[in-house]
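# Descriptive analysis of the structure
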Amino acid sequence: MSGLLRANGATLYYEVHGTGPVLLISQSGEGDADRTTDLVRHLAGDHTVITYDRRGLSRSALDDPDRGASMADHVDDVHRLLAAVTDRPAHMLGCSFGAVIGLHLAVEHPEQLDTLIAHEPVAPGLLPAPERVRHIRELEELQDLYRERGLAEAFGEIAAALGIDPVAQDTEPGLTPHPLDDRRRAGFDFFIRNDFGAVVRDTLDVAALGDTPVRVIPAFGRTTPRHVFDYRCAHELAALLGVEAREFPGGHNGNTTHPRAYATRILDLLAA
């Protein structure tokens with residue numbers, strides 16, 4: 001089932017699959033509601049899985065495209081979406097940028113979440129000050145590279161910053177193809193031009209995360225290099241919360257490269 005939801009300055013597209021407790025998936029990058037098709041297939045037997053296009057991507061249209069979207073907009077969108085589909089605390093899988101949205105929700109609307117799996121959140125505020133400054137500058141430089149030289153030049157550098165090898169990465173067999181078509185290219189354009197800036201300007205209340213009643217599970221990919229930004233954020237989050245960071249199959253994009261094993265890991269953690 002699919003639907004449209006009016007939000008502040010945008011119309012959100014979302015999909016609902018399966019039955020059982022609600023599990024919302026908030027993707028990163030240009031990932032829209034279709035990007036996690038293979039993962040959803042392995043979760044929908046146990047959960048009502050909600051996927052959506054973040055505002056500015058695919059079918060989630062902005063009333064004013066020139067306005068862009070702030071992190072607060074993205075958080076409010078998820079708040080409204082969860083309120084529309086359930087009146088009970090939901091589970092949430094947040095991946096990278098989506099994980100940061102989930103961390104905000106855990107602080108600002110904790111009554112809406114039971115468990116948040118925060119997979120490699122791109123949240124500079126979690127890092128010690130010198131490291132935070134370095135990675136913020138890294139994101140700004142990647143934005144500049146994209147604006148000056150386009151996606152073909154920037155794609156490899158962005159992948160390297162996140163520890164992704166788009167050429168040689170291991171995958172499960174039989175994945176649904178997601179070619180780099182015009183819709184994905186438009187999604188990358190919005191993500192890099194707009195959402196990189198939302199990360200740089202983010203005002204996540206890191207200290208308040210320690211007081212949230214939400215069960216937050218920091219997660220990282222098995223093959224994610226240990227020195228990169230996203231891996232470091234997951235482990236700083238775990239240290240802040242006094243919990244163990246959990247390893248997931250694959251790397252930064254394990255939810256799309258290893259959907260069967262990734263779903264098994266999710267189900268095990270939610271059942272614990």
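Residues numbered from 1 in each chain as written. Predicted model: local features only at pLDDT ≥ 70, side-chain atom pairs only at ≥ 80, totals over all residues. Heavy atoms only, no water.

- Going by what an unreviewed UniProt entry lists, the protein chain is known as Alpha/beta hydrolase and is assigned to Microbispora triticiradicis.

### What about the UniProt feature "domain: AB hydrolase-1" (unreviewed entry) in the protein chain?
- Per the UniProt record, "domain: AB hydrolase-1" (unreviewed entry) is annotated on residues 23-126.
- For the annotated span residues 23-126, helix accounts for 33% and strand for 23% of the residues, and the straight-line distance between the end C-alpha atoms is 25 Å. (UniProt positions renumbered as here; feature names shortened; annotations may be inferred. Helix = DSSP H or I, 4+ residues; strand = E, 2+ residues; numbered from the N terminus.)

### Considering unusual backbone geometry
- A positive phi angle is found at S96, which is not glycine, with a value near 60 degrees.
- Within the element layout of this structure, S96 appears in the loop between β6 (90-95) and α3 (97-108).
- In this model, E120 sits at a positive phi of 45 degrees, which is unusual for a non-glycine residue.
- Relative to the elements of secondary structure, E120 occurs in the loop between β7 (113-119) and α4 (129-149).

### A word on the packing of aromatic side chains
- Counted by the stated rule, this structure contains five aromatic pairs.
- Aromatic pair F191 and F196: ring centres 5.2 Å apart, planes at 85 degrees, arrangement edge-to-face.
- Relative to Y262, the ring of F248 lies with its centre 4.7 Å away and its plane at 55 degrees, an arrangement referred to as tilted. Residue F248 is found in strand β9 (residues 246-248), and its partner Y262 is found in helix α10 (residues 259-271); the two are separated by 14 residues along the sequence.
- The class of Y262 is buried, set by a relative accessible area of 0%.
- Put simply, the rings of F97, F191 and F196 pair up and form one aromatic cluster. (Phe/Tyr/Trp six-rings, centres within 6.5 Å; stacked < 30°, edge-to-face > 60°. Buried < 20%, exposed > 50% of the residue type's maximum accessible area, 1.4 Å probe, protein only.)

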